[in-house]
Amino acid sequence: MKIALTRLALAASCLLLSGQLLAEPKRPECIAPAAPGGGFDLTCKLAQSALVDAKLLSKPMRVTYMPGGVGAVAYNAVVAQRPADAGTLVAWSSGSLLNLAQGKFGRFDENAVKWLAAVGTSYGAIAVKSDSPYKTLDDLVAALKKDPGKVVIGSGGTVGSQDWMQTALIAKAAGINPRDLRYVALEGGGEIATALLGGHIQIGSTDISDSMPHIQSGNIRILAVLSENRLDEPEMKDIPTAKEQGYDIVWPVVRGFYLGPKVSDEDYAWWKDSFDKMLASEDFAKLRDQRELFPFALTGEELDAYVKKQVAEYKALAKEFGLIQ
Amino acid sequence: MDTLSYLGQGFGVALSPYNLVTALTGTLIGTVVGLLPGLGPINGVALLIPIAFALGLPPESALILLAAVYLGCEYGGRISSILLNIPGEASTVMTTLDGYPMARQGLAGVALSLSAWSSFIGALIATCGMVLFAPLLAKWAIAFGPAEYFVLMVFAIVALGGMAGDKPLKTFIAALIGLFLSAVGIDANSGVYRFTGDNVHLADGIQFVVLVLGLFSISEILLLLEKTHHGHVAVKATGRMLFNMKEAASVFVVNIRCGLLGFFMGVLPGAGATLASAVAYMTEKRMAGDKGKFGKGDLRGLAAPETAIGASCCGALVPMLTLGVPGSGTTAVMIGALTLYNITPGPLLFQQQPDIVWGLIASLFIANIMLVILNIPMIRIFTRILAVPNWALVPVIAIITAIGVYAVHATTFDLFLMVGIGIMGYILRKLDFPLSPILLGFILGGLMEQNLRRALSISNGELGILWSSPISMSTWALVVVMLALPLLRIWRRRSARQRALADA
């Protein structure tokens, strides 16, 4: 009898304990490693509302901002200062991976954190003003081949950034050195649109989500979207991909989250499980569409493999373009 | 005629009791957020977006709330500038130059009310400009490319040359320090890191908030500490809390001029309130010549930047509403909020959702009037800050400043950097260096370098691009006028003296 009672108590406490282990982390927080208003902010806010809507978190996560180096500051802060904090999610994008690959994240590499989830993606796009003489990607490549110094290309980042990589890949396709391009570094999609509309640049290397409003108003055309297949949206299905025009250039801009390196496996499992549930729900799909993101759901080990593969690819590209030795 | 009926409709939206309460709440929250050093309109607006969304506010009310917060923050920023010599935002740096001396002379109430009045006129001018010319101006604004911005920066720097005053060498060195600080961080064109010492925290450069709060707030705290040893001279605000008609009339022309200037600067994406206030102040200082007592509590020196800030804030909404292009950091955040409501700002907004656009414009009028009415009774409370003894004031400022910086960046590195910059600021102040040229060198230097290099990469290194468009040509003409003004004055004075000699 006594043994039975002890067993019962043990079993109960085990249940309690496991219940506690599976409970949501205290004070969940999402760090957007940039100033308010950008893509990282959007990523955090997406998870913030989706997790509450799907009743996976009882209270919305706090969203805090830690700008610096496309995520480098937040990466270092999490790895060095709060590696075991189960409540801290940090947003990342393909841009963060690209900088990681180029060694711009300080002394840490891609193995320093626990990659949790990818929640959506946008795609690179090559934009022109609607009255531009270039009608297809072929027109642009032909013009570049003839005289790379004649075409002014603007993009939302520096040499070595995602936007630059897109143009570099096109230059490669045209058989010219990306360093010969007339390249203007602007800040973000807003500036690209302004410069295109004002006729200061002829080509904008940007992403599809940022350009949508201007495409709808008829001021900007997209020569090519850098996705595998045409995008499945009523207003985007007429935009040709680079692939169908004969250029094998695909440039997704994936967005997701990682956790600190010393977060316990149980907590990691809880988050993975919650994200799996969230990513499968229809409400989430609606929220994601609202933010002009396309489906791209990976969690856990699959994501980890994707990240490592991506970083290796970026490293190879960066070497090829002479960005790293 | 269409415009007027739309505007009427807009007032209909904005004047509904629900939206009036929203605007009132927004201005109140904004004032408080703006009052805290370090927290500016960007933070205020970013903070409220999820709340507005969670409350389920309809889109027009949400937009009204955000616009009211935006204006409120800009207003709140001046309170600490005038009373404590600590600019609450970047744009109010110029307000400290004459606002703080006025407060020291016991005219704190007058300074606060006059600045509210000036920014009201500025906003009024800008809102009228927006109603009449928004689509037209949008076209003009996008014609500004990197080359035109570069010339505009040259103009601003020439205008600021007047700042040198009686210590040209020290001003020059201070501006150079600012220039150097702006060079820290990733180089936008080549992707190379400059002066970061391999520290990821410096990858994006020094944050403006950290620099402002370090230079002004921390060094002010150190100075206050030093003064407590020598006994504290409390400043009593005079009984008069409001400016009188004579004072308002004396700055009226300044208000109109700076309102127009601020509006145009605000419409240009990327120029913004900081540049507008700096250029307005220096232009007025030049125009006043030797007769003004700028820097020692001149009413015009207070009215000029305040009007320009008020006007440029409203002007910044023009590119956002008409083109979907952010006119300032804050409007960039507001565009994000609009997309949450599935509203895409841009050329179609005026046709597709006139309710929202005109409701917003009308609510700007209303929010501005509210700010004036709301703040006049509060001035009495604000000026009490002056009576707080230093032993209480210093720690409170220190805490608020630290919270401000930490809230924005969430890293301790920035706190240490701020203290470091503060100590440097204190030493520079002791050596009698002016601090505002550091800030202006920081902002203008960064923008100027960026735009020059962008312009030259567009033209493939040909300098001709810098004077090839009509806009840059006319800006160069303004530069020449700015340079010629003091010469003209010297020449006139000399000829007057010669005439006097000849008469004698």
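Looking at an unreviewed UniProt entry, one finds chain B named Putative tricarboxylic transport membrane protein and attributed to Pseudomonas kuykendallii.

Going by what an unreviewed UniProt entry lists, chain A is known as Putative tricarboxylic transport membrane protein and is assigned to Pseudomonas kuykendallii. Of the comments in the UniProt record for chain A, the one headed Sequence similarities (unreviewed entry) reads "Belongs to the UPF0065 (bug) family."

Enquirer: Tell me what's going on with the overall build of chain A, and back it up with residues and numbers.
Expert: Along the backbone of chain A there are 11 helices and 10 strands. Across its three principal axes, chain A shows a C-alpha extent of roughly 90 × 45 × 30 Å. When each of the 325 residues of chain A is scored for burial, the buried share is 58%. Intrachain contacts of chain A at a sequence separation of at least 6 include 78% that bridge at least 24 residues. About 13700 Å² of surface is accessible on chain A, with carbon and sulfur atoms providing 54% of the total.

Enquirer: Break down the packing of helix α6 (residues 108–142) of chain B against helix α13 (residues 299–315) of chain B for me, citing the residues and quoting the values.
Expert: All names here are of chain B. Where α6 meets α13, the closest approach of the two axes is 7 Å, and the angle between their N-to-C directions is 35°. In the packing of α6 onto α13, the handedness of the crossing is right-handed. Judged by residue contacts, Ala 111, Leu 114, Ser 115, Ser 118, Ser 119, Gly 122, Ala 123, Ala 126, Thr 127 and Met 130 of α6 engage Leu 299, Leu 302, Ala 303, Glu 306, Thr 307, Gly 310, Ala 311, Cys 314 and Gly 315 from α13.

Enquirer: Account for the nonpolar core, with residues named and values stated.
Expert: Within the largest apolar cluster, 175 residues are counted, with the highest numbers of intra-cluster contacts made by Ile208(A), Leu83(B) and Met334(B). For Leu83(B), the residues in contact, after removing those within four places along its chain, are Tyr100(B), Ala108(B), Leu112(B), Phe382(B), Thr383(B), Ile385(B) and Leu386(B).

Enquirer: I'd like a rundown of the domain arrangement of chain A, residues and numbers included.
Expert: Residues and elements named next belong to chain A. Structurally, chain A comprises domain 1 (28–122 + 253–320) and domain 2 (123–251). A C-alpha centroid distance of 27 Å is found between domain 1 and domain 2. Contacts between the two partners involve 16 residues from domain 1 and, on the opposite side, 17 residues from domain 2. Summing both sides of the interface, domain 1 and domain 2 together bury roughly 1300 Å²; the carbon and sulfur share of this comes to 59%. Linking Lys 172 and Glu 320 is a salt bridge whose minimum nitrogen-to-oxygen distance equals 3.2 Å.

Enquirer: An account of the pairing of strand β9 (residues 252–259) of chain A is needed here, citing residue identities and associated values.
Expert: Residue and element names in this part refer to chain A. With 8 of 8 residues buried, β9 lies mostly within the body of the structure. By the alternation rule, side chains of β9 split into Pro 252, Val 254, Gly 256 and Tyr 258 and Val 253, Arg 255, Phe 257 and Leu 259, which are all buried. Pairing between strand β3 (residues 88–93) and β9: 4 bridges, direction antiparallel. The partner of Ala 91 across the bridge, within β9, is Phe 257. Pairing analysis gives 8 bridges linking strand β4 (residues 114–129) to β9, with the strands arranged antiparallel. Residue pairing across strands places Tyr 123 opposite Pro 252, the latter belonging to β9.

Enquirer: Tell me about the environment of Phe53(B), and name the residues and values.
Expert: All names here are of chain B. Relative to the helices and strands, Phe 53 is located in helix α3 (residues 41–54). Residue classification places Phe 53 among the partly exposed residues on the basis of a relative accessible area of 34%. Note: C-alpha distance between Phe 53 and Tyr 341 (288 residues apart in sequence) is 8.5 Å.

Enquirer: Which residues make up the state of the cysteines, and what are the values?
Expert: All names here are of chain B. Following the criterion strictly, the structure yields 1 disulfide over all chains and no others. Residue Cys 73 stays outside any disulfide, its sulfur separated by 9.8 Å from that of Cys 313, the closest cysteine. Since its relative accessible area comes to 0%, Cys 73 is described here as buried. Free cysteine: Cys 314, not disulfide-bonded; nearest cysteine sulfur from Cys 313 at 6.5 Å.

Enquirer: Any details on the interface of chain A and chain B? Residues and values, ideally.
Expert: In this complex, chain A contributes 37 residues to the contact, which on the side of chain B involves 43 residues. Both sides of the chain A and chain B interface together cover about 3100 Å² of buried area, and 60% of this is carbon and sulfur. Summed over the shared surface of chain A and chain B, the number is 1 salt bridge. Here Arg454(B) makes a salt bridge to Glu191(A), at a shortest N to O gap of 3.2 Å. Secondary structure elements with two or more residues in the side of chain A that touches chain B: α3 (72–81), β6 (182–185), α7 (188–197) and α8 (208–216) of chain A. Per-class residue counts for the side of chain A that touches chain B are 15 nonpolar, 16 polar and 6 charged.

Enquirer: Would you mind going over unusual backbone geometry in detail, with residue names and values included?
Expert: A positive phi angle, near 45°, is found at Arg27(A), a position not held by glycine. Structurally, Arg27(A) can be placed in the loop between α1 (2–21) and β1 (29–32). Here the phi dihedral of Asp432(B) falls at roughly 70°; this positive angle occurs in a residue that is not glycine. In this fold, Asp432(B) is placed in the loop between α19 (412–430) and α20 (436–459).

Enquirer: So what's going on with the pattern of salt bridges? Residues and values would help.
Expert: Side-chain pairs of opposite charge can arise whenever the charged atoms involved come near each other. Residue and element names in this part refer to chain A. All chains considered together, the criterion is met by 22 salt bridges over all chains. A salt bridge links Arg 230 to Glu 244; the nearest nitrogen and oxygen atoms lie 2.6 Å apart. Separated by 14 residues along the polypeptide, Arg 230 in the loop between β8 (220–225) and β9 and Glu 244 in the loop between β8 and β9 bring together distant segments of the chain. Looking at Arg 230, the relative accessible area reads 40%, which means it is partly exposed. Residue Glu 244 is classed as partly exposed on the basis of its relative accessible area, which comes to 45%. Residues Lys 243 and Asp 248 are paired through a salt bridge, measuring 4.0 Å at the closest nitrogen-oxygen approach.

Enquirer: I'd like a rundown of helix α9 (residues 265–280) of chain A, residues and numbers included.
Expert: Residue and element names in this part refer to chain A. Over its 16 residues, α9 runs 22 Å from end to end, which matches the ideal 22 Å to within 8%, given 1.5 Å per residue. Along α9, the residues classified as buried are Asp 267, Tyr 268, Trp 270, Trp 271, Ser 274, Phe 275, Met 278 and Leu 279. With its buried residues spanning 155° around the axis, α9 presents them on a single face. For α9, the exposed residues set more than 90 degrees away from the buried face come down to Asp 265 and Ala 280.

Enquirer: Break down the confidence of the model for chain B for me, with residues and values.
Expert: Looking at chain B as a whole, the pLDDT averages 83, with 95% of positions reaching at least 70. The element-level mean pLDDT for chain B is lowest in helix α16 (residues 349–352) of chain B, coming to 74, with α19(B) highest at 92.

Enquirer: Summarise the pairing of β6(A); cite the residues concerned and give the values.
Expert: All names here are of chain A. What you see with β6 is no split at all: Arg 182 and Val 184 on one side and Tyr 183 and Ala 185 on the other are buried throughout. Relative to β6, strand β5 (residues 152–155) is paired through 4 bridges, and the arrangement is parallel. The residue of β6 that forms the bridge with Val 152 is Arg 182. Crossover handedness for the path β5 to helix α6 (residues 162–173) to β6: right-handed.

Enquirer: Residue-level account of the packing of aromatic side chains, with values.
Expert: What characterises a pair of aromatic rings is the spacing of the ring centres plus the angle enclosed by the ring planes. Tallied over the entire structure, the rule returns 23 aromatic pairs over all chains. A network of ring pairs unites the aromatic residues Tyr75(A), Trp92(A), Phe105(A), Trp115(A) and Tyr258(A) as a single cluster. Over the ring of Phe433(B) we find Lys170(B); its NZ or CZ atom is 5.6 Å from the centre of that ring.

Enquirer: Lay out the environment of Pro83(A) with the relevant residues and their values.
Expert: Examined against the element boundaries, Pro83(A) turns out to sit in the loop between α3 and β3. For the pair Pro83(A) and Lys262(A), spaced 179 residues apart in sequence, the C-alpha to C-alpha distance is 5.0 Å.

Enquirer: Can you break down the side chain of Asn451(B) residue by residue, with the values?
Expert: Mapped onto the fold, Asn451(B) is located in helix α20. Once residues lying within four places of it in the same chain are set aside, the contact partners of Asn451(B) are Pro146(B), Tyr149(B) and Phe150(B).

Criteria and cut-off values
Residues numbered from 1 in each chain as written. Chains lettered and ligands numbered in written order. Predicted model: local features only at pLDDT ≥ 70, side-chain atom pairs only at ≥ 80, totals over all residues. Heavy atoms only, no water. UniProt positions renumbered as here; feature names shortened; annotations may be inferred. Helix = DSSP H or I, 4+ residues; strand = E, 2+ residues; numbered from the N terminus. Buried < 20%, exposed > 50% of the residue type's maximum accessible area, 1.4 Å probe, protein only. Contact = heavy atoms within 4.5 Å. Areas by Shrake-Rupley, 256 points an atom, 1.4 Å probe, with all protein chains shown as cover. Axes fitted to C-alpha atoms, helices over the stretch in contact; angles between N-to-C directions. Left-handed = near helix turned anticlockwise from the far one by under 90°. Core = buried A, V, L, I, M, F, W, Y, C linked by side-chain atoms within 4.5 Å. Domains from an automatic or database assignment. Buried area = accessible area lost by both parts, 1.4 Å probe. Salt bridge = Lys/Arg side-chain N within 4 Å of Asp/Glu carboxyl O. Pairing = 2+ DSSP bridges. Disulfide = S-S within 2.5 Å. Nonpolar A, V, L, I, M, F, W, Y, C, P; charged D, E, K, R; others polar. Expected span 1.5 Å × (residues − 1). Arc of directions from axis to C-beta. pLDDT = per-residue confidence, 0-100. Right-handed = clockwise from strand over helix to strand, strands pointing away. Phe/Tyr/Trp six-rings, centres within 6.5 Å; stacked < 30°, edge-to-face > 60°. Lys NZ or Arg CZ within 6 Å of the ring centre and 35° of its normal.

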